[in-house]
Amino acid sequence: MSSVAGEVARFCGDVLAHAPRPDHDTVYDDRHPLWQKFAAAGLANWWVPERFGGAGASTVDGVRIAAEIAYHDPGFAFTSFLPVLASRMLELYGGPGLAQEHLRGLVSSGGFCAALGSEAVAGSELTNTATTFRRTGDVLVLNGEKAFSTNLAFARFCLVLARADDDPREFAMILVPAGAEGFEAGPRWRMSGLLGTGTHPATFTDCVVPAANELAGSGIRILEVGLNASRIMMAAMAVGMIRRLRDLHMAYAADKRLGGRPLTRNAIFAARLGQLEMELETVKSQCHRAALDYDELHRAPDAGAAFLAGGVLKSAVVAKMHAGQTGWRIASTASESFGGLGYTEQHDVQWLLRSMRHISIVEGGDDVLRDLIYGRYVKRPSRRG
Ligand SMILES: Cc1cc2nc3c(=O)[nH]c(=O)nc-3n(C[C@H](O)[C@H](O)[C@H](O)COP(=O)(O)OP(=O)(O)OC[C@H]3O[C@@H](n4cnc5c(N)ncnc54)[C@H](O)[C@@H]3O)c2cc1C
């Protein structure tokens, strides 16, 4: 285990395990005491490479870290790893000056960055993106509306997917710093799970940024690459939440008696927990496999080109789909295990159930990803498994 993963495990045991469960009003922003402790321990943005001042933890370690945090608090986990989406795009495709300035600032502040792809009308059909940019002299001018962006309201910068106003086939990924004129984050969405996260819509009205803030390459291809890392982390959250569900079962069964015997000696209970453990292992294995694939590409001398050549990483998509489906099935079964108490908001199982649901929805719902796998990995015989 790397020193960062060890430090996160210590933070989770010493701090997160004793923190109150978040509610609908909780926002893990940079002023929240839990986030301040996490950042003060040097744990924020743990994946940023050392050349930008970061800890440079691998994705294999990131899987352990995301799972460990999600065991205690899925919303804190989602908040803490989602900046990997924007920061990795900047690291791989931003000009050297742009990447140094903003990634160093991110690390030294222990703060956040955000990504804006989703739009209400375009949905997952990114080629229908309606937010536009216009090149004028040495600046870019952005206009449009985005639907969802996590950590946006307190991010130091965000990366925005936009279409050229004079060419519907050209897409760019553009860095917009916090406070840029014409950029406004809307009110926080009230989510059913992932309590503590702050996800917002945004509006761009003649928002001007330097031309050098455009990343190199097609915005849609860059976003596809960016999603590889965050999809693996999202899958890893299921590992933590499934472990927590298992441990809740065992704690409940320690006191519960059925037919005069402890629940732990009931055959149906044993079968349910045996099944859970088996499925947990499959989710863990797939996350590990995806993280190994990812780290190999990230270590390449020209990682940006290596990722672009591969595009959507099959093992990352498989990890997210498998984790989302398996986690949801386990959480749903688990919600029956605690009787009526398990249907109350007091019980952690409801919190975990609603948080688990996002894995099959965010960063591409399963219908979208099935279509993607079919198009990229089934139609072409050379790419079949
Ligand atoms: C908590 C949370 C955090 C988020 N954070 C961010 C963020 O930081 N940045 C960001 O950009 N976005 C973010 N999002 C948006 C999220 O990634 C999208 O909502 C998600 O990818 C689904 O896309 P959509 O909402 O456009 O719905 P769509 O993909 O349009 O789906 C709507 C319906 O159309 C169906 N559908 C769509 N495509 C196909 C297809 N090819 N085949 C069959 N059926 C299809 C779907 O199955 C579904 O039934 C966040 C969302 C949530 C809930």
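This text goes with the structure placed above it.
Residues numbered from 1 in each chain as written. Predicted model: local features only at pLDDT ≥ 70, side-chain atom pairs only at ≥ 80, totals over all residues. Heavy atoms only, no water.

## A few points about the nonpolar core
Phase 1: Counting residues in each nonpolar core, the largest one holds 93 residues, and the members touching the most others are Trp46 and Ile69.
Phase 2: No other element matches the 18 residues that helix 7 (residues 219-255) contributes to this core.
Phase 3: Non-local contacts of Trp46, meaning those with residues more than four positions away in its chain, are made with Val4, Phe38, Ala55, Gly56, Ala57, Gly62, Ile65, Ile69, Ser80, Phe81 and Met233.
Phase 4: The next biggest cluster of nonpolar side chains, apart from the first, holds 20 residues, and it includes Leu116, Ala162, Ala202 and Val209. (Core = buried A, V, L, I, M, F, W, Y, C linked by side-chain atoms within 4.5 Å. Buried < 20%, exposed > 50% of the residue type's maximum accessible area, 1.4 Å probe, protein only. Helix = DSSP H or I, 4+ residues; strand = E, 2+ residues; numbered from the N terminus. Contact = heavy atoms within 4.5 Å.)

## Describing the packing of aromatic side chains
Phase 1: For the structure on display, the rule yields 14 aromatic pairs.
Phase 2: Arranged with centres 5.0 Å apart and planes meeting at 85 degrees, the rings of Trp46 and Trp47 form a pair that is edge-to-face. This pair shows no difference in class: Trp46 is buried, exactly as Trp47 is.
Phase 3: With a centroid separation of 4.9 Å and 80 degrees between ring planes, the pair formed by Phe112 and Phe154 is classed as edge-to-face. Taken together, the positions of Phe112 in strand 1 (residues 112-116) and Phe154 in the loop between strand 3 (139-150) and strand 4 (155-164) put the pair 42 residues apart, joining distant regions of the chain. As far as burial versus exposure is concerned, Phe112 and Phe154 are alike and both buried.
Phase 4: Three or more aromatic residues link up through ring pairs in this structure, and these residues are Phe11, Tyr28, Trp35, Phe38, Phe76, Phe112 and Phe154.
Phase 5: For Arg244, the ring lying beneath its charged end belongs to Tyr71, and the centroid distance is 5.6 Å.
Phase 6: If you follow Arg357 out to its NZ or CZ, it ends over the ring of Trp328, 4.5 Å from the centre. (Phe/Tyr/Trp six-rings, centres within 6.5 Å; stacked < 30°, edge-to-face > 60°. Lys NZ or Arg CZ within 6 Å of the ring centre and 35° of its normal.)

## A few points about the side chain of Ser149
Phase 1: Tracing the sequence through the fold places Ser149 in strand 3.
Phase 2: Take Ser149: its relative accessible area is 1%, and that puts it in the buried class.
Phase 3: One polar contact links the side chain of Ser149 to the main-chain carbonyl oxygen of Ala115, over a distance of 2.8 Å. (Polar contact = N/O pair within 3.5 Å; in protein donor to acceptor, adjacent residues only side chain to side chain.)

## Some remarks on the environment of Phe78
Phase 1: Position of Phe78 among the secondary structure elements: in helix 4 (residues 74-81).
Phase 2: Sequence separation between Phe78 and Gly196 is 118 residues; the distance between their C-alpha atoms is 9.1 Å.
Phase 3: Contacts of Phe78, omitting those with residues within four sequence positions, involve Thr150, Leu194, Thr197, Met234, Met237, His358 and Val362.

## So, unusual backbone geometry
Phase 1: At Asp206, a residue that is not glycine, the phi angle is positive and equals roughly 45 degrees.
Phase 2: Its place among the elements puts Asp206 in strand 7 (residues 199-210).
Phase 3: Among the residues examined, Asp206 registers a relative accessible area of 49% and is labelled partly exposed.
Phase 4: The backbone phi angle of Glu363 is positive, close to 60 degrees, even though this residue is not glycine.
Phase 5: With respect to the helices and strands, Glu363 occurs in the loop between helix 11 (348-356) and helix 12 (366-378).

## Some thoughts on empty space enclosed by the protein
Phase 1: This structure, assessed with the given rule, holds two cavities of 30 Å³ or more.
Phase 2: Reported here for the largest cavity is a volume of approximately 80 Å³.
Phase 3: Around the largest cavity, the lining residues are Trp46, Trp47, Ala57, Ser58, Thr59, Gly62, Val84, Arg88, Ala229, Met233 and Tyr294.
Phase 4: Every element with two or more residues in the lining of the largest cavity is listed here: helix 3 (59-72), helix 5 (83-93) and helix 7. (1 Å grid on protein atoms, 1.4 Å probe; cavity = no way out; pocket = protein on both sides within 12 Å on 5 of 7 lines; lining within 4 Å. Points joined across faces, edges and corners; volume = space filled by probe spheres on them.)

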